[in-house]
Amino acid sequence: IPIILVGTGGIWVMYVSNAKGHFEAKGDQWNTIDNNGRGQPAAINLIGRVVQLTNAFQKYLKMQKIDMPNPVESVLIAADPGAQVESVRPAARVVRSDAIKQFANSLVQARPVWRTDQIYNLADRIVEPRPPSELTPAAPPPAEPAARAKASLDASEESASFDANTLGFGFEDEAQPAQPAQPSLHESSPAQPLPSPTPAPQKKKNRGMTRMQTILLVGMTLMECCILAGFGALMYYSF
């Protein structure tokens, strides 16, 4: 196997090809495209080769009692810039030369499933196989019980706190019939009508005016008398 990459995010089997030309990766087929756009099987099926290598490696991991959380991923790298590949749901991941850096970044950012010490243990078992008598199962560490309980509690609290009715949307497929409006006031019995509301007490009026209106009227009358008296005095002393 040319390249086996072991990282915190998993294991990848890689096959690097320097083939040049126009190719088509379709399922488990690897075809060459001629100038007329017609495809025919290539002399070497690179997709089939890397898939076979991956399957053999997975059997080896099983023999070494290495439990994989995720399947080993097959990767075909077209290293030559002159390789043009059209991918249609290929059985292996095809990485062109201009996408190698992006592919490497995706491996670095992959969700970790192995610890560093487990990665070294896997590498040792790959390079130097152990006899069956010395094999011990190797698997990613299971989640802590407290962590699992906390995750379940958080999930239940989130589910309990969420109420679809608070969103204001109708999730039913059919509209519900409208409910008749409930009157806000009912009689307790036809023979016993409800008491009419007691009117608020009104203030006593003097000749149709309240006390405040009477005070305002008297004040305005006195002010008018003062104005007239001042105007009369001004006219008297002027002549």
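See the structure shown above.
In what follows, the accompanying structure is described. What you see is a predicted model, and the numbers here were worked out from it, not measured in a lab.

## Overview of the sheet that holds strand β4 (residues 29-33)
Then, number 1: Strand order in the open sheet formed by 4 strands is β5-β4-β3-β7, and the pairing between neighbours is mixed. A strand with exactly one partner marks an edge of an open sheet, and here the two such strands are β5 (39-41) and β7 (83-88). Pairs of neighbouring strands in the sheet enclose a mean axial angle of 30°, with direction left out of account.
Then, number 2: Two elements, strand β3 (residues 21-26) and β4, share 4 bridges in a ladder whose sense is antiparallel. Residue pairing in the sheet places F23 in a bridge with T32 of β4.

## Thoughts on the nonpolar core
Then, number 1: With 14 residues, the main nonpolar core has A25, W30, I47, L76 and V85 as its most contacted residues.
Then, number 2: Looking at this core, the elements with two or more residues in it are β3, α1 (46-63), β6 (73-78) and β7.
Then, number 3: Looking at this core element by element, the count peaks at 3 residues for α1.
Then, number 4: Excluding residues within four positions of it along the chain, V85 makes contact with F23, A25, W30, A78, V94 and R96.

## A word on the state of the cysteines
Then, number 1: Applying the stated criterion across every chain, the model contains 0 disulfides.
Then, number 2: The closest cysteine sulfur to the non-disulfide-bonded C225 is located on C226, 6.9 Å from its own sulfur.
Then, number 3: Of the residues examined, C226 reaches a relative accessible area of 58% and is grouped as exposed.

## Topic: the sheet that holds strand β8 (residues 93-96)
Then, number 1: Spatially, the 4 strands line up as an open sheet ordered β1-β2-β6-β8, and their pairing is mixed. The sheet terminates laterally at β1 (3-7) and β8, the two strands that pair on one side only. For this sheet the average axis-to-axis angle between neighbouring strands, irrespective of direction, equals 30°.
Then, number 2: Judged from the 4 bridges that link them, β6 and β8 form a sheet pairing that is parallel. Paired with A78 across the bridge in β8 is R96.
Then, number 3: Together, β1, β2 (10-17), β6 and β8 form the strand contacts of α1, whose direction differs from that of β2 by roughly 145°.

## Quick word on the pairing of β6
Then, number 1: The element β6 is extensively covered by neighbouring structure, given that 5 of its 6 residues are classed as buried.
Then, number 2: Here β2 runs beside β6; their pairing, made up of 6 bridges, is parallel. Opposite V13, over in β6, you have S74 as the bridge partner.

Conventions and cut-offs
Residues numbered from 1 in each chain as written. Predicted model: local features only at pLDDT ≥ 70, side-chain atom pairs only at ≥ 80, totals over all residues. Heavy atoms only, no water. Pairing = 2+ DSSP bridges. Helix = DSSP H or I, 4+ residues; strand = E, 2+ residues; numbered from the N terminus. Axes fitted to C-alpha atoms, helices over the stretch in contact; angles between N-to-C directions. Core = buried A, V, L, I, M, F, W, Y, C linked by side-chain atoms within 4.5 Å. Buried < 20%, exposed > 50% of the residue type's maximum accessible area, 1.4 Å probe, protein only. Contact = heavy atoms within 4.5 Å. Disulfide = S-S within 2.5 Å.

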